[in-house]
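An overview of the molecular structure
One letter stands for each residue in the lines below.
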Amino acid sequence: MRTFILNLQSTYQFERIEDVDSFVAEDASGSFGLRAHHERFMTALVFGLARYRREGEPWQYLALPGGLAYFVDNQLFI
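On a predicted model such as this, the values are computed, not experimentally measured, just so you know. (Residues numbered from 1 in each chain as written. Predicted model: local features only at pLDDT ≥ 70, side-chain atom pairs only at ≥ 80, totals over all residues. Heavy atoms only, no water.)

**Concerning unusual backbone geometry**
If you check the backbone angles, H37 has positive phi at about 65° while not being a glycine. Residue class for H37 comes out partly exposed when judged on its relative accessible area of 49%. Phi at N74 is positive, roughly 60°, even though this residue is not glycine. Checked against the element boundaries, N74 lands in the loop between β7 (67-72) and β8 (75-77). Overall, the relative accessible area of 18% leaves N74 in the buried class. (Buried < 20%, exposed > 50% of the residue type's maximum accessible area, 1.4 Å probe, protein only. Helix = DSSP H or I, 4+ residues; strand = E, 2+ residues; numbered from the N terminus.)

In structure tokens form, the structure reads like this:
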């Protein structure tokens, strides 16, 4: 199985989403995508929409006011 864990964090809330197979967002250099077992990665996200897909399910969208994306140990932290 080639999936990873997406951890969404804010000042007041935390959500752990398992079985994510793809994540797409945008930083200052443009749009990028992440898949399971990506190398360690960190970037500042811009204001806009990001999307992720869980294995066998349709895309889910996230409205982001910006933030930091950090991928390490097969987990993505936003």
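Next comes the rest of the description.
**Concerning the pairing of strand β3 (residues 30-34)**
Of the strand pairs in this sheet, strand β2 (residues 14-27) and β3 are connected by five bridges, and their pairing is antiparallel. Each residue of the ladder has a partner; that of A25, found in β3, is F32. Linking β2 to β3, which pair antiparallel, is a turn of two residues. (Pairing = 2+ DSSP bridges.)

**Overview of the packing of aromatic side chains**
Applying the stated criterion to the full structure yields two aromatic pairs. Seen in terms of ring centroids, F32 and F41 are 5.3 Å apart; in terms of plane orientation they differ by 50°. Their pairing is tilted. Judged by its relative accessible area of 21%, F41 falls in the partly exposed class. One cation-aromatic arrangement involves R51 over W59; the distance from NZ or CZ to the ring centre is 4.4 Å. (Phe/Tyr/Trp six-rings, centres within 6.5 Å; stacked < 30°, edge-to-face > 60°. Lys NZ or Arg CZ within 6 Å of the ring centre and 35° of its normal.)

Note that every value here comes from positions in space, so none of it alone points to a role or purpose.
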